[in-house]
Amino acid sequence: MDRGKIHSLRPVLVVGLVINTMVGVNLLSLAHYASKMGYNLWWSPILMGLIVTLTIFPMIALCRRYPEDTLFRIHEKLLGKWLGRGINVVVIVYAILNASTANEGYVRLLQTSMLNNQTITVPLLGLTLVMFYITNGGIKLVARFCLLALFFTGWMLLLLQYGFQEGGITHIFPLFNTDLASVLDALNQSFGSMLGYEVLLIYYPFIVEKKKALKHVLIGVWSVVLFYVLVLITSVAYFSEWQMANLVYPILNLFKAVELSFMERIENLGIGLWVFLILSTSTTYLWMARTGIEDMARKQRLWHLLLPTAISYYMIRGPLAVEDQRFIYDYVTVYLGYGLILWPIFLLLLHALRSGRGEGA
Amino acid sequence: MRPTDWWREQVTKVAEARRHEQPSGRGERITPHMVKEQLANVDDLSSLSLTINEEEVHVFFLDTMVDLTQVYETVFLPLQRSDGKDPLRVLPYAQPCQSDDMGRLMNNLLRGHTILFFLDRELILHVNTFQVEHRSITKSESEATVLGPQDSFVEMLEINLSMLRRRLTTPNLKILAYTIGTETKNRVAVLYLENIANDENVERVKTRIQNVEYQGFVGMPVLKQMLEDKPYSPFPQFGLTGRPDNVTAALLDGRIIIMLNGSPDAAICPASFLEMFSSPEDFYNRWSTASLLRMIRFFGLFVTILLTSSYVSVLTFHPEMLPPALLTILSQSRSQVPFPPVIEVLFIELVIEVLREAGIRMPTKIGQTIGIVGGIVIGTASVQAGLASNILIVLVSISALLSFVPPNFLMSNAIRLVRYGFILMAGLMGMYGQMLMLAFLFAHLLNLTSLGTPCMAPGVPRQWTDLLNGLVRAPMKFIVYRNRMSRAKRKQTRPIGEE
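Computed from a prediction, not measured in an experiment: that's the story for all the values here. (Residues numbered from 1 in each chain as written. Chains lettered and ligands numbered in written order. Predicted model: local features only at pLDDT ≥ 70, side-chain atom pairs only at ≥ 80, totals over all residues. Heavy atoms only, no water.)

As a further point, take the overall build of chain A. When helices and strands are counted, chain A shows 16 helices and zero strands. By its C-alpha atoms, chain A is 65 × 45 × 35 Å across when sized along the principal axes. Relative to its 361 residues, chain A shows a buried fraction of 59%. The long-range fraction of contacts in chain A, counting pairs at least 24 apart against all pairs at least 6 apart in sequence, stands at 83%. For chain A, the accessible area works out to roughly 14200 Å², and carbon and sulfur atoms hold 66% of it. Here chain A contributes 27 positively and 20 negatively charged side chains, and the mean placements of these two sets differ by 14 Å. (Helix = DSSP H or I, 4+ residues; strand = E, 2+ residues; numbered from the N terminus. Buried < 20%, exposed > 50% of the residue type's maximum accessible area, 1.4 Å probe, protein only. Contact = heavy atoms within 4.5 Å. Areas by Shrake-Rupley, 256 points an atom, 1.4 Å probe, with all protein chains shown as cover. Lys, Arg positive; Asp, Glu negative; His and termini not counted. Charge placed at Lys NZ, Arg CZ, Asp CG, Glu CD.)

Rendered as structure tokens:
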């Protein structure tokens, strides 16, 4: 098992990790979230990609200054033991929330579409156990799983041709027929689908080729942007504006455009296979939470993983009302995410101040 | 200290203590009487007291382990003609024994050596007179091929090693010998090509073999389980073959081979998951045919684990996935069946499993009859009786056939076991359950290592050229690099550039 700080993430694993952590449950509703932009929503991922790229630079700049330290260690070095640990707890909570967001969204979808007569207990338990197993294998196993998930699910992009053929590409015109308020609203609603790259702050020390890390992360990010644009262009071609605004999971309806002689309702297979994308997202965040606890405890124990797993499970299956959960997942998690992607700028400033005073790391 | 650490420490302490406790057998001077005492109630011990050239000689050997003619010709006859010369000169193959090392003397005697006590000279000699009947070299039954060499290993380590020496006439072929098993004293040979195999891998194999503590090994598969990285996994992590051509190819690729006396199998390490689906015949066939067959074997894995479980999930949870025509046929065929699909599938799968087991244990002719009775009579009867649908019989048969396609028997067994997990998960959560199980299965496979190298290479690519000899077998011209799995010292298979 790849415990400890060994440089184990080769370039292809970094790209796979970035892509699959970003692509998760949010893609299923991406067209719905960005529907405020109407038929112009297809270019919203490009805008998000630009924002992501801009926020990656400070992240990489910070990581280069602390190449062998995770964000948790950087906090303790820059902010001191107690304040650093306080912020670390927030980051760990954020990681657990993200794992729960992915799992919750997926099991609710399962219950709605495939397992109507079941409660979410058994499907969630199964998902949580597999998530635990993968995370227990360390970041290298998580990264390998991400790469494998890409092979298992990537082929589904080919199915977009069915939706594309049935729809009309001319829907994309007129271009830029929207206003700034709608764009900002759509970006705010759908930015959750771009989160995932910020885990870079934690796995950077494990990357083999650190000098080329920026390039590899950007390849991952812009591959995701490309996938999203393809999905949204097909959605624009296939759906009416009203449909996109009102269908909660437009991707499922896109699956319905697929016509095969030997299988109907291919969305069942699609949703089933989506578990690879969910697991690759949730395991990365769970690993992040575990690493946080380990870095704070300065040792490795199984309960460092068991605790966040159990919390993630009880967040969904515990006494919290579904409405409260939705608020946490849709707002608290995303706003914490905004905070985290901007946080490196503050840390860089702090680093510069301390270096200026001769207290370099 | 953590409980696991404490436990590990205790185990190490006990192992260390045992190692020190092992009697070296050293002590007072050995006499013929002491040998007789040690081997009291051993019926096949021959103990002779002779006078040769007016000198008293005690001879010991085991009747069951030597050829009497050979003992006479190589030991007695030269001694009789020696006219009292130094026995070490007269018997060129004789070796002196330590006069106080009873353990080693016993070891030699039990291995078929003849022990000679020259009391006047205070000399003890042993001569290797080991000669036993053994099975002749035959065709491999479990890894049969149409083309290529047909010989296979036998239970004698020496014969197996000679088969490999004949194929690899290079001084770089190194053979390390070990003795393991506290009771059986099995001889183990570790083979590798010194100029190709990775030194770290060789060291790992050596260390693992030296650390094995067990009373005895009746076959290589037992030892293999104790040497593998993850012994709890249902999947094999070392290759197992009975074919010398397979072993030769593996050695040339930089792998390490472990052979055990008394076992007609050799373990290949490290070995990747994909290699378990390769046959030596892939290289005897044309590249295109070989690639097709490899892909059939590999995709057969997916079909065999997903076919019957899909039947369960579609009929239990997602009947809307079937085209109307197929749904009608299925409904009609299942109309008489009173069980839920998962029980129906488990029932038929278990029947197939029982038939397979019964067919293997029975003599060949009865085994064939059982196959026919099971396949046709039970299958037809269970459909007519309404215990199973006829479509399920077709699916289970295809699934069973595909599970036997991998050339590696242990892999084939593992796949059949995993299939039950898929069926149960499909019965519990439909297609989601199947996919969750698939994710778990592949996460487990990604976690497996063979001598520390990930088994899923080149699925998780270590080197892009591995793909040329992975799922497909590219023309020989393109197979220039050794598989990265073996971490070979020399990367190219041809003398280009570096060589």
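Read on, since the account is not over.
A separate point is the sheet that holds strand E6 (residues 173–180) of chain B. Residue and element names in this part refer to chain B. Spatial ordering of the open sheet is given by E6-E7-E9-E10-E8, a layout of five strands whose pairing is antiparallel. Each end of this open sheet is capped by a strand with a single partner; those strands are E6 and strand E8 (239–241). Within the sheet, the average angular offset between the axes of one strand and its neighbour, ignoring direction, is 25 degrees. Relative to strand E10 (residues 266–269), E8 runs antiparallel, the two sharing three bridges. (Pairing = 2+ DSSP bridges. Axes fitted to C-alpha atoms, helices over the stretch in contact; angles between N-to-C directions.)

In this section: the environment of Asn268(A). If you trace the backbone, Asn268(A) turns up in helix H14 (residues 267–297). Under the relative-accessibility criterion, Asn268(A) is labelled buried at 2%. Placed 213 residues apart in sequence, Asn268(A) and Thr55(A) show a C-alpha to C-alpha distance of 37 Å. Once you skip the residues sitting within four places of it in the chain, Asn268(A) turns out to touch Met114(A), His318(B), Glu320(B), Met321(B) and Met431(B). At a separation of 3.0 Å, a polar atom in the side chain of Asn268(A) contacts the side chain of Glu320(B). (Polar contact = N/O pair within 3.5 Å; in protein donor to acceptor, adjacent residues only side chain to side chain.)

All names here are of chain B. The five strands are arranged E1-E2-E4-E5-E3 in an open sheet whose pairing can be described as antiparallel. Among the strands making up the open sheet, the edge pair consists of strand E1 (45–52) and strand E3 (95–96). Where strand E4 (residues 113–118) lies against strand E5 (residues 123–128), six bridges are found, and the strand directions are antiparallel. Across the sheet, residue Thr 114 finds its bridge partner in E5, namely Val 127. Relative to E4, helix H5 (residues 102–110) is tilted by about 130 degrees, and along the sheet it contacts E1, strand E2 (55–62), E4 and E5.

Turning our attention to the nonpolar core. By size, the foremost hydrophobic cluster in this structure holds 185 residues, and its most contacted members are Leu9(A), Tyr106(A), Tyr203(A), Phe276(A), Leu279(A), Met288(A) and Tyr432(B). Looking at which element gives the most residues to this core, the answer is helix H16 (residues 409–447) of chain B, with 22 residues. Aside from chain neighbours lying at most four places away, what touches Phe276(A) is Phe145(A), Leu148(A), Ala149(A), Phe152(A), Thr153(A), Met435(B), Leu438(B) and Ala439(B). (Core = buried A, V, L, I, M, F, W, Y, C linked by side-chain atoms within 4.5 Å.)

In low-pLDDT regions, the fine details of the predicted coordinates are not to be read closely. All names here are of chain B. For chain B, the average pLDDT comes to 86, and 93% of its residues sit at 70 or higher. For chain B, helix H1 (residues 3–21) is the element with the lowest average pLDDT, namely 64, and strand E9 (residues 256–260) is the one with the highest, namely 95. Interface confidence for the predicted complex, expressed as ipTM, amounts to 0.93; the pTM equals 0.88. (pLDDT = per-residue confidence, 0-100.)

Here we take up the UniProt feature "transmembrane region" (unreviewed entry) in chain B. Here the UniProt feature "transmembrane region" (unreviewed entry) sits at residues 296–317, 391–410 and 422–443 of chain B. Overall, residues 391–410 of chain B shows 75% helix and 0% strand. The separation of its end C-alpha atoms is 29 Å. (UniProt positions renumbered as here; feature names shortened; annotations may be inferred.)

Residues and elements named next belong to chain B. Helix length check: H16 (39 residues) gives 22 Å between terminal C-alpha atoms against 57 Å at 1.5 Å per residue, more than 12% under. The largest bend in H16 amounts to roughly 140 degrees and is located at Met 429. Along H16, 31 of the 39 residues are buried, which leaves the element largely enclosed by surrounding structure. (Expected span 1.5 Å × (residues − 1). Bend = angle between axes of the 7 residues up to and from the residue.)

All names here are of chain B. Most of E2 sits out of view: seven of its eight residues are buried. Bridge analysis of E1 against E2 gives eight bridges, and the strand direction is antiparallel. Bridging across to E2, Ser 46 finds its partner in Phe 61. Hairpin remark: E1 followed by E2, antiparallel, with two residues in the connecting loop; positive phi at Asn 53, about 50 degrees. Where E2 meets E4, four bridges bridge the pair, whose relative direction is antiparallel. When the sheet's bridge partners are listed, Val 59 is paired in E4 with Leu 116.

This part takes up the interface of chain A and chain B. Contact residues are listed per partner, giving 35 residues for chain A and 27 residues for chain B. Interface area, chain A with chain B, both sides summed: about 2900 Å², of which 72% is carbon and sulfur. If you look at where chain A meets chain B, you find zero salt bridges. Across the chain A-chain B interface, the total number found is six residue pairs in polar contact (both at pLDDT 80 or more). Elements with a minimum of two residues in the side of chain A that touches chain B: helix H5 (81–113), helix H6 (121–136), helix H7 (138–154) and H14 of chain A. Classifying every residue of the side of chain A that touches chain B gives 23 nonpolar, seven polar and five charged. (Buried area = accessible area lost by both parts, 1.4 Å probe. Salt bridge = Lys/Arg side-chain N within 4 Å of Asp/Glu carboxyl O. Nonpolar A, V, L, I, M, F, W, Y, C, P; charged D, E, K, R; others polar.)

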